[in-house]
Amino acid sequence: MAVFAEYRGLPETARGASIALGNFDGLHAGHRAVMDAARIAGHGSFSVATFEPPPRAYFRPGDPPFRILRPERRNDLILAAGATHVFELPFNGEMAAMTDEGFVRQVLVEGLGVSHVSVGFDYRFGRGRMGHAQRLASLGRALGFGVTIVEEVSGHGGKASSTAIRQALMAGEPEVAADLLGSPWIADGIIEPGEKNGRTFGFPTANMALGDLIHPKMGVYAVRLRIEGESEWRDGVANFGRTPTTGLRDPLLETFIFDFNREIYGQRVEVQLIAYQRPELKFPSLDAMIEQMHKDAELAKEILAARR
C-alpha cells in the first residue's frame, strides 16, 4: 500500500523513512526541492507526509475552494516523483491540539519512526503554529533524527508558493501559474451532462464541475484536454463561469474540443488552462454570443498553435 491515511499502527516496512513534510498543494518548485532534500538524505529513498484535510479546510471550512490539486492527483504525482509512500496525516481536533513537541514525538517519532525530515524554511507546525523549522531541527537533535531546512525557491520574480499560484489563477494569469508549477495548471474531474445548449449553437461542450478545486477567474481560456486512459492532448476553448446569457447557474468548466465528436459523459478528463482570452460576458442576444464564440475558438487555435 503506497498511501496511508493514518500514522498509527503502520507496518514496519513503511516506518523509518526519510520524510518530506508539508502541505504539497500544487507540487511547485519549492515542494519539489523539499522532496529532493528528503531523497538525498534517504540515499535515493524517501516518503512524503502531508495533511488531509489541509489545516486551512479544518480551521476555515467556509472558505471558497482553494485546492490546487485533488488529493488523488497529488498522491499520484508524488509517487510518480519517486516517493515510496504518502502519509495523509489526519488533521482533526486531536492533531490541531498537539503542541509542536507533541506532534514530533507522537506523529513523527512514535508513528512514522522517521530517520530524517526535510521541510521548507517557512514551515510551521503544532498548536497555533507554535513550531517552526529551527524548532523542528532542535527537536530532531534531541530525539534522534536529522532535519534539512530547504531555503526559499523563487519563481516568476518571487517565492514559489501555493499562495502565488492561487493568486495567478484567480487573476486570470495561467501562464504565471504554469511558470510556478513547472507545467500548466490542470483541472480534473468527471464529465457530466449539461444544459446541452452548446450543441444547438454548434459548440457542444464537455462540462465539468470543479468542486473543491480552486476556481480560476471566470472567462474564456485556450485549453488542452486529455481523456483518462489516452495519451493525446486535444486543443480546445473553454469557458469557466455561470453563462449569464442563457441563465445563471453554478460555475462549470465547459470545454469545446476542436475536431472531436465523441460522447464522453462519465469519463474523467484533465484540462490544462493555457491562456486567458476574455472575461465572461452577458450578450444582448444569442446571435451575438454565437458570433463571439466563433471568434473565441479562432483565437484559441492561434494561441495553441503558437505554443506547440
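Structure report, in brief.

Procedures and definitions
Residues numbered from 1 in each chain as written. Predicted model: local features only at pLDDT ≥ 70, side-chain atom pairs only at ≥ 80, totals over all residues. Heavy atoms only, no water. Pairing = 2+ DSSP bridges. Helix = DSSP H or I, 4+ residues; strand = E, 2+ residues; numbered from the N terminus. Buried < 20%, exposed > 50% of the residue type's maximum accessible area, 1.4 Å probe, protein only. Contact = heavy atoms within 4.5 Å. Axes fitted to C-alpha atoms, helices over the stretch in contact; angles between N-to-C directions. Parallel < 35°, antiparallel > 145°, perpendicular 65-115°, else oblique. Left-handed = near helix turned anticlockwise from the far one by under 90°. Nonpolar A, V, L, I, M, F, W, Y, C, P; charged D, E, K, R; others polar. Core = buried A, V, L, I, M, F, W, Y, C linked by side-chain atoms within 4.5 Å. 1 Å grid on protein atoms, 1.4 Å probe; cavity = no way out; pocket = protein on both sides within 12 Å on 5 of 7 lines; lining within 4 Å. Points joined across faces, edges and corners; volume = space filled by probe spheres on them.

**Remarks on the sheet that holds strand S8 (residues 146-150)**
Backbone-to-backbone hydrogen bonds join strands into a sheet, with any given pair of strands oriented parallel or antiparallel.
At step 1: One open sheet accounts for six strands, arranged S1-S4-S3-S2-S5-S8; its pairing is parallel. Of all strands in the sheet, those bounded by a partner on one side alone are strand S1 (3-4) and S8.
At step 2: Alignment of strand S2 (residues 18-21) against strand S5 (residues 116-120), held across three bridges, turns out to be parallel. Residue pairing in the sheet places Ser18 in a bridge with His116 of S5.

**A closer look at the side chain of Asp296**
At step 1: With respect to the element layout, Asp296 can be found in helix H10 (residues 286-306).
At step 2: Judged by its relative accessible area of 6%, Asp296 falls in the buried class.
At step 3: Apart from residues no more than four positions distant in its own chain, Asp296 is found in contact with Val220, Val237, Gln277 and Arg278.

**Details of the packing of helix H5 (residues 100-111) against helix H6 (residues 133-143)**
At step 1: H6 packs onto H5 with a crossing angle of 55 degrees between their chain directions and a minimal axis gap of 11 Å. By the angle between their axes, H5 is oblique relative to H6. Considering only the axes of H5 and H6, their crossing is right-handed. Residues Asp100, Glu101, Val104, Arg105, Leu108 and Val109 of H5 touch H6, and the partners they reach there are Arg135, Leu136, Leu139 and Leu143.
At step 2: Of the residues contributing to the contact of H5 with H6, the split by class is six nonpolar, no polar and four charged.

**What about the packing of helix H7 (residues 162-170) against helix H8 (residues 174-181)?**
At step 1: Contact pair H7 / H8: the axes reach a minimum separation of 7 Å and the direction vectors enclose 160 degrees. Between H7 and H8, the interaxial angle falls into the category roughly antiparallel. The way H7 lies across H8 gives a crossing that is left-handed. In this structure, H7 uses Ala164, Ile165, Ala168 and Leu169 to contact H8, whose residues at the interface are Val176, Ala177, Leu180 and Leu181.
At step 2: Split into classes, the residues belonging to the contact of H7 with H8 amount to eight nonpolar, no polar and no charged.

**Some details on the nonpolar core**
At step 1: With 31 residues, the main nonpolar core has Trp185, Met208, Leu253, Ile264, Val269 and Val271 as its most contacted residues.
At step 2: The set of elements that each furnish at least two residues to this core consists of H7, H8, strand S12 (206-208), strand S13 (219-227), strand S14 (234-241), strand S15 (252-257) and strand S16 (268-279).
At step 3: Discounting chain neighbours no more than four positions away, the residues touching Met208 are Ala187, Asp188, Gly189, Ile190, Ile191, Leu252, Leu253, Val269 and Val271.
At step 4: Listed in part, the 29 residues of the second largest apolar core include Phe4, Ala14, Ala49 and Val107.

**Quick notes on the layout of surface pockets**
At step 1: In this structure, the largest pocket encloses a volume near 1,200 Å³.
At step 2: Lining the largest pocket are 44 residues, and of these Asn23, Asp122, Tyr123, Arg124 and Arg129 sit closest to its centre.
At step 3: Those elements that provide at least two residues to the lining of the largest pocket are helix H1 (29-41), helix H2 (55-59), helix H4 (93-97), strand S6 (124-125) and H7.

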